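# Geometric and topological summary
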Amino acid sequence: TLRLICTTMAVQQKNVGAAGPEKYTEAFIKKQIEEFNLGKRHLANMMGEDPETFTQEDIDRAIAYLFPSGLFDKQARPMMKHPTEIFPEQRKIQWGEDGRPFHFLFYTGKQSYYSLMHETYEKLLNVQKHQDQLTVQDLPLQKEKRNLAGSRWLTKIELEEMLLEKLSDDDYSRFIQLLQKLVALPCADIEKEYIQKFSKEVPAQLQKVVIEPLQYDERGVAFSTGEGKRKTARATAVVYDNGSGKITVNGIDILHYFPVLQDREQLLFPFQFLGRIGKHDMVCTVSGGGRSAQAGAIRLASAKALRSFVTEKEVEFMRQAGLLTVDPRVKERKKPGQEGPRRKFTWKKR
Amino acid sequence: RIMPVRWSRYDPSYLEPEVNKELYQKPLEKLSEEEREQMELKAIRPIKAAPPTLSSSVFSDPMISKFTNMMMKSGNKVLARSLVSQTLEAIKRKQLEKYHKAPENEKETIECNPYIIFHQALKNCQPIIGISNITKGGKTYQVPVPLTDNRKRFLAMKWLITECRENKHRRTLMPEKLSQELLLAFNNEGPVIKKKHVLHKMAEANRAYAHFRWW
């Protein structure tokens, strides 16, 4: 045994940074899971509900009731979740007792990424071999068009979670290029299951919005309401049927409220697109924002209101013309050390 | 809020909106498979909101909007738009004067529609080939380079505006100067067309260095 002589305190102190993120042993995680299940049953007892059918939503509601918190950040409030959601998944130790690593690509640094690339390339070569066999036998190559529009590839974060390893943007784009190359070959249907592991279904249709039915007011005239916003302006529009094309904003006619032609054009845009200029009356209220923002807000509100008057196909056309999306552009914040959001201070040589 | 730079507020999967009414009224007799694929893609992907300058009415013209934006100073779109509309009015008035004074046989050749004159004048001003500075071996050479459509349109509009702002008499108003320039450009005369020809001649003169271009 050696005795430490003439050393500094710096060497003896724990090097906190070199250890990396906290490593949890399997026993620790198991204990946490047992404690969580016990705690769940206790909580159910306390709330007077059945411990067997106590779901995660019930747990969240119970915790929010027992420990009310006024903090803004949801992540900072008290929460009780399953330990697998709280403690991130970690890789087990990659080498045995003699220090020899298990995986043959361990010393590359990104073993799972490179093994994945190797596997994908193997599948590619497989498909090419199959293609060559078919051409030798003079059989026609299968040219079924896969529906590419309904699926998307995994994002970089999802891939990182799958491989339990950090990836760079470059690595990720190379992997996606390889997958696209594989999919582009005619006989790629052989490896469909392998490809399905890396693609996700885009939620079926973007028409999940429910179109409200028409309402009828006292005189029997059909009307519908819509709300719109743009930057800081908020607008509500009520579109009446059997009208003469009059539009009123905050009790004032549009010619007086919007002296600029561009804003009036924007107000009439949805009506002109559907060809119903002289057929509807509109009464709107708008507040906040500037001249152009208010016009954009009213345009969105009137387009949403017109959905109830019009067939589903025309609603789809309106959506493709960009009339039904909320414009997410807002004023960019000013950053410290700069004069504005993008403009830097004048550079002075001395 | 985290706000990364060089980034748009839309997700990259959002597609551009298509405002033209006629494209939507076309029944299923589309041009090719590409259009069909595009339709499918559009049906699933989300679409960006239409900007305030874009509209489906007959009166909105993308070239005129681009020109208005280039004329605009410190965000004063109202002033720029009024200048452009006054220019188009001035063009119409001048052409109508000419029309009423001309003899019968020439009346059909005079073009009165200011939009057509604007488009034709811009087309006449567009250079075909441009020049770019390439430094090789310490010396900078002017190398002839092909231009994209967008760049051609931008150069034509930029030349028109700078020409009107600088080389004219101080007291004349912008619409008058612009209408004069546009009519001259429509007839292939005027200082902007001369500038275009000078650029072409420079490109032809430096033809020897064309192999310096690597793109």
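Cut-offs and rules
Positions within a chain are numbered from 1, following the residues in the order the chain's sequence is written. The naming scheme follows written order: chains are lettered A onward, ligands numbered 1 onward. Local features in this predicted model are restricted to residues whose pLDDT is 70 or higher, and side-chain atom pairs enter the listing and the counts only when it is 80 or higher, whereas totals over whole chains, interfaces and linings include all residues. Hydrogens and water molecules were not included; the side-chain quantities draw on all heavy atoms of the structure. What marks off one domain from the next here is an automatic or database domain assignment. Counting from the N terminus, the helices are DSSP H or I runs at least four residues long and the strands are E runs at least two residues long. For the exposure calls, accessible area comes from a 1.4 Å probe over protein chains only, and a residue counts as buried if that area is under 20% of its type's maximum, exposed if over 50%, partly exposed in between. Paired strands, in this sense, are two strands between which DSSP finds at least two bridges. Working rule for contacts: check all heavy atoms of both residues, and any pair within 4.5 Å makes them a contact. Simply put, an axis is a line fit to the C-alpha atoms, just over the touching stretch for a helix, and the angle between two N-to-C directions goes from 0 to 180 degrees. Note that a disulfide, as used here, is simply two cysteine sulfur atoms within 2.5 Å. We call a set of buried Ala, Val, Leu, Ile, Met, Phe, Trp, Tyr and Cys residues a nonpolar core when their side-chain atoms join them within 4.5 Å. The arc in question is the one spanned by the directions pointing from the helix axis to the C-beta atoms.

## Quick look at the domain arrangement of chain A
Domain annotation for chain A reports domain 1 (26–86), domain 2 (106–201) and domain 3 (215–321). Taking only C-alpha atoms, the centre of domain 1 of chain A and the centre of domain 2 of chain A are 40 Å apart.

## Some details on unusual backbone geometry
With phi around 50°, N242 of chain A is a residue other than glycine that occupies positive phi space. As for its position among the elements, N242 of chain A is in the loop between β5 (233–240) and β6 (247–249). In this model, N188 of chain B sits at a positive phi of 60°, which is unusual for a non-glycine residue. On the basis of relative accessibility, which here comes to 48%, the residue N188 of chain B falls in the partly exposed class.

## Here's the deal with the sheet that holds strand β7 (residues 252–253) of chain A
Residue and element names in this part refer to chain A. If you trace the six strands from one edge of the open sheet to the other, you get β3-β4-β5-β8-β6-β7, paired in mixed fashion. Strands at the two margins of the open sheet, each flanked by one partner only, are β3 (215–216) and β7. Pairing of strand β4 (residues 222–230) with β5 involves eight bridges; the strand directions are antiparallel. The residue of β5 that forms the bridge with S224 is V239. Seen against the sheet, helix α11 (residues 291–306) touches β4, β5, β6 and β8 (281–287) and runs at an angle of roughly 145° to β4.

## Quick notes on the state of the cysteines
In protein structure, a disulfide is the covalent linkage between the sulfur atoms of two cysteines. Residues and elements named next belong to chain B. For the coordinates displayed, the defined rule picks out zero disulfides over all chains. The closest cysteine sulfur to the non-disulfide-bonded C125 is located on C164, 10 Å from its own sulfur. Taking relative accessible area as the criterion, C125 reaches 0% and is therefore assigned buried.

## Observations concerning the nonpolar core
By size, the foremost hydrophobic cluster in this structure holds 35 residues, and its most contacted members are F273, M282, I298 and M318 of chain A. For this core, the elements supplying multiple residues, two or more each, are β5, β6, α10 (261–274), β8, α11 and α12 (312–320) of chain A. The leading source of residues in this core is α11 of chain A, at eight residues. Ignoring any residue separated from it by four or fewer positions in sequence, one finds M318 of chain A in contact with F273, L274, A303, L306, R307, L323 and L324 of chain A. In this structure, A80, L147, W159 and L183 of chain B belong to the second largest nonpolar core, which totals 29 residues.

## Observations regarding helix α3 (residues 56–66) of chain A
All names here are of chain A. Buried within α3 are the following residues: D58, I59, A62 and I63. Within α3, the buried residues cover an arc of 130° as seen down the axis, which keeps them to one side. Seen from the buried face of α3, the exposed residues on the opposite side, beyond 90 degrees, are E57, R61, A64 and Y65.

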